[in-house]
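An overview of the molecular structure
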Amino acid sequence: GAVVSQHPSRVICKSGTSVKIECRSLDFQATTMFWYRQFPKQSLMLMATSNEGSKATYEQGVEKDKFLINHASLTLSTLTVTSAHPEDSSFYICSASGQNRGNQPQHFGDGTRLSIL
Amino acid sequence: AQSVAQPEDQVNVAEGNPLTVKCTYSVSGNPYLFWYVQYPNRGLQFLLKYITGDNLVKGSYGFEAEFNKSQTSFHLKKPSALVSDSALYFCAVRASSNTGKLIFGQGTTLQVKP
């Protein structure tokens, strides 16, 4: 089946640090990737949708300058949390879908646990 | 607007008993429905989907779901629960035809006790 690799799995860093999270589709071309944030025991909150070669579309209330998304190739998207603060601590999950994405399931990475001290 | 509701925060069943995790939806047009499972500190794993065709959809790990158009429901079922099925389950509906964006329900924690 389709595999999505997300790295790193866990990050602990000081306030003010910028953190980059990578999301790779290992065995398919991901025309679209999605970035989610999940708080404990809650559902996934979509942050943004990124299409290869174009700017990401951010959901309402998500600061695009805070959460920089790059989708430079069909197998890689990155999320950079700039100048992270304790309130940015969360579980971040990416997913990817290929062509005919409406009919196909999204394939999820294993998430990144971000802890800002 | 598309929406999904999972009315139960938690479902408890005994191992070997059948399980049902409920999901209702609201969509304009034909519904594209999905079930995912999440284990602690992991991403979501795809279980099954309904796009069109038979109302009973079979998926991974022995799970199935029944699409009921009149009741706008898509309940997840399994004839015999395993302790290892204990996890967080999400129902989702496709938000739009051209982005593949999903709208997730609140999630239901399934606890299977030995």
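Details of the structure are given in the entry above.
Scope of this entry: the structure provided in the associated data block.

Within soluble globular proteins, side chains that are nonpolar generally end up buried alongside one another. Ranked by internal contacts, the top residues of the largest apolar core, which has 26 residues, are Trp35, Leu47, Leu48, Phe74, Leu76 and Tyr89 of chain B. Only β2 (10–14), β3 (19–21), β5 (33–38), β6 (44–50), β8 (64–68), β9 (73–78), β10 (87–94) and β12 (108–113) of chain B provide two or more residues apiece to this core. Among the elements that make up this core, the one with the highest residue count is β10 of chain B (four residues). Excluding its chain neighbours within four sequence positions, the residues that come into contact with Tyr89 of chain B are Gln6, Trp35, Tyr36, Val37, Leu47, Phe63, Leu76, Gly107, Thr108 and Leu110 of chain B. Counting residues in hydrophobic clusters, the runner-up holds 25 residues, among them Val11, Phe28, Ala30 and Tyr92 of chain A.

Note the cis peptide between His7 of chain A and Pro8 of chain A, where omega equals 0 degrees. Residues other than glycine seldom take positive phi values, yet Asn41 of chain B does so here, at roughly 60 degrees. Unusually for a residue other than glycine, Thr72 of chain B sits at a positive phi of about 45 degrees. Mapping Thr72 of chain B onto the fold places it in the loop between β8 and β9. The class of Thr72 of chain B is partly exposed, set by a relative accessible area of 31%.

As a further point, take the pattern of salt bridges. Evaluated as defined, the whole model comprises seven salt bridges over all chains. Its salt-bridge partner being Arg42 of chain B, residue Asp110 of chain A comes within 3.2 Å of it at the nearest N-O pair. Taken together, the residues span two chains, with Asp110 of chain A in the loop between β10 (107–108) and β11 (112–116) and Arg42 of chain B in the loop between β5 and β6. For Asp110 of chain A, a relative accessible area of 35% puts it in the partly exposed group. For Asp85 of chain B, the salt bridge identified is with Lys78 of chain B, shortest N-O distance 2.8 Å.

What counts as what
- Residues numbered from 1 in each chain as written.
- Chains lettered and ligands numbered in written order.
- Predicted model: local features only at pLDDT ≥ 70, side-chain atom pairs only at ≥ 80, totals over all residues.
- Heavy atoms only, no water.
- Core = buried A, V, L, I, M, F, W, Y, C linked by side-chain atoms within 4.5 Å.
- Buried < 20%, exposed > 50% of the residue type's maximum accessible area, 1.4 Å probe, protein only.
- Helix = DSSP H or I, 4+ residues; strand = E, 2+ residues; numbered from the N terminus.
- Contact = heavy atoms within 4.5 Å.
- Salt bridge = Lys/Arg side-chain N within 4 Å of Asp/Glu carboxyl O.

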